[in-house]
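Structure assessment
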Amino acid sequence: MQETAAIRAYPFWVAWANRPRRAVGWTLAVALFVVGATLSLEGTATLGWRAVTRHTAQVAFPLFLAAFLASSIARLWPGAISRALLARRRALGLAFATAQIIHGIAIVIFASFEPTTFEIDGAFLGGALGFVFVVAMAATSNDAAARRLGSKAWRALHTSGQVTLFVIYAVTYAGRVAENSRYWPGPLLLVAALGLRLAAAAHLTLRSRTLPIE
Ligand code: HEM
């Protein structure tokens, strides 16, 4: 009885990520629905697959922000909701990786229509590095891998991965806004996210300076 009440206590927007597998399953379902809907609206040739690459990246973006900000939100606004978010950080990270892998598959299919996609330039190398981090972070998002890696190396991998992905988003959306002002929410969300991360880090430093040493 009590268990049912505890599960019901979470609204769906939190409960979909109660378990990593559940979060991955939901993300896969949403991403595949987005792929199907985009292809049926835009066609299955170059235009359609270009739109699929864009829309799959858009599915991944809010998941990245949620995983990127979970600990900062919990630090700045301690409470039941922020604790629930923090407890699901691993699930959110794996959900992001799932959406990002669908973005990768869409890119490979899009490249068969538009071979210049795989031309090796700075943007391609940056994106490829992003995928390397996504795979490495997903592969180490379990207790056994984290133990094997050790907390220092695990933290170094996940922090540098987050920073790299943040920079890729910043560069991509800055370029988008320069071409089309409708893209302003992307950079705005990134600036707000950076502000929250810095505020949470400052909050921690301040607390460690002001708390008495036992
Ligand atoms: C070599 C690796 C990658 C390639 C070849 C690639 C390719 C593409 C392509 C072809 C598009 C659609 C461009 C258009 O609209 O004309 C796109 C969009 C996008 N990609 Fe990737 N991508 C890569 C890696 C990544 C990574 C790692 C991230 C995330 C960190 C990412 C985030 C985005 C975003 C945010 C968009 C724009 C979505 C929008 O228009 O709202 N990409 N990518």
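This write-up is about the structure you can find in this document. (Residues numbered from 1 in each chain as written. Predicted model: local features only at pLDDT ≥ 70, side-chain atom pairs only at ≥ 80, totals over all residues.)

Quick word on the overall build of the protein chain
To be explicit about the condition: To qualify as a helix, a DSSP run of H or I must reach at least 4 residues; to qualify as a strand, a run of E must reach at least 2; elements of each kind are numbered from the N terminus. Buried residues are those with 20 or more other C-beta atoms within 10 Å of their own C-beta, exposed residues have 12 or fewer, and partly exposed residues lie in between; C-beta atoms are placed from the backbone. Contact between two residues is assigned whenever their backbone-derived C-beta positions fall within 7 Å.
Secondary structure summary: the protein chain contains 10 helices and zero strands in total. Its helices and strands taken in sequence order, the protein chain reads α-α-α-α-α-α-α-α-α-α from the N to the C terminus. Projected onto its principal axes, the C-alpha positions of the protein chain cover 65 × 45 × 40 Å. Looking at the protein chain as a whole, 21% of its 214 residues are labelled buried. Taking contacts inside the protein chain between residues at least 6 apart in sequence as the whole, the part at least 24 apart equals 65%.

Overview of the packing of helix 7 (residues 122–139) against helix 9 (residues 151–179)
Heads up, the rule is: Helix axes are fitted to C-alpha atoms over the stretch in contact, other axes to C-alpha atoms as well, and angles between N-to-C directions run from 0 to 180 degrees. Crossings are assigned a handedness: left-handed for a near helix turned anticlockwise from the far helix by less than a right angle, right-handed for a clockwise turn. All amino acids are sorted into three groups, where Ala, Val, Leu, Ile, Met, Phe, Trp, Tyr, Cys and Pro are nonpolar, Asp, Glu, Lys and Arg are charged, and the leftover types, Gly among them, are polar.
Relative orientation of the contacting elements helix 7 and helix 9 amounts to 145°, with a least axis distance of 9 Å. In the packing of helix 7 onto helix 9, the handedness of the crossing is left-handed. For the pair helix 7 and helix 9, contact is made by Gly 126, Gly 127, Leu 129, Gly 130, Phe 133, Ala 136 and Met 137 and by Leu 157, His 158, Gly 161, Thr 164, Leu 165 and Ile 168, respectively. Partitioned by chemical class, the residues of the contact of helix 7 with helix 9 number seven nonpolar, six polar and no charged.

What about the environment of Gly 25?
In this fold, Gly 25 is placed in helix 3 (residues 20–42). For Gly 25 and Phe 110, which are 85 residues apart along the polypeptide, the C-alpha to C-alpha distance reads 24 Å.

Topic: the site of the ligand
For the record, the criterion: Residues are classed as near a molecule or strand if the C-beta position derived from their backbone is within 6 Å of it.
Surrounding the ligand, one finds 20 residues, the nearest of these being Thr 53, Ala 57, Gly 127, Gly 130 and Ile 168. Per-element tally for the shell around the ligand: the top contributor is helix 4 (residues 46–76), with six residues. Residues of the shell around the ligand, tallied by class, amount to 10 nonpolar, seven polar and three charged.

Regarding the environment of Ala 60
Mapped onto the secondary structure, Ala 60 falls in helix 4. Exposure remark for Ala 60: the 23 C-beta atoms within 10 Å place this residue in the buried category. As for Ala 60 and Gln 100, which are separated by 40 residues in sequence, their C-alpha atoms are 5.8 Å apart. Residues within four places of Ala 60 in sequence aside, it is in contact with Phe 96, Ala 99, Gln 100 and His 103.

Remarks on the packing of helix 4 against helix 6 (residues 89–113)
This is how the line gets drawn: Working rule for angles: under 35 degrees goes down as roughly parallel, over 145 as roughly antiparallel, 65 to 115 as roughly perpendicular, anything else as oblique.
Relative to each other, helix 4 and helix 6 sit at 160°, their axes nearing to 8 Å. Classified by the angle their axes make, helix 4 and helix 6 are roughly antiparallel. Considering the relative orientation of helix 4 and helix 6, their crossing is left-handed. Residues belonging to the contact of helix 4 with helix 6 are distributed by class as follows: 20 nonpolar, seven polar and two charged.

Details of the nonpolar core
For clarity, the threshold we go by: Linking buried Ala, Val, Leu, Ile, Met, Phe, Trp, Tyr and Cys residues through C-beta atoms within 7 Å yields a set, and such a set is a nonpolar core.
Counting 33 residues, the largest nonpolar core has Leu 63, Phe 64, Leu 92, Ala 95, Phe 96 and Ala 99 as its most contacted members. Of all the secondary-structure elements, those providing two or more residues to this core are helix 3, helix 4, helix 6, helix 7 and helix 9. For this core, the element with the highest residue contribution is helix 4, accounting for 11 residues. Beyond its immediate sequence surroundings of up to four residues, Ala 95 is in contact with Ala 17, Ala 23, Val 24, Thr 27 and Leu 63.

Regarding the environment of Phe 166
Secondary-structure assignment places Phe 166 in helix 9. Its 17 C-beta neighbours within 10 Å are what place Phe 166 among the partly exposed residues. Separated by 121 residues in the primary sequence, Phe 166 and Ala 45 place their C-alpha atoms 31 Å from one another.

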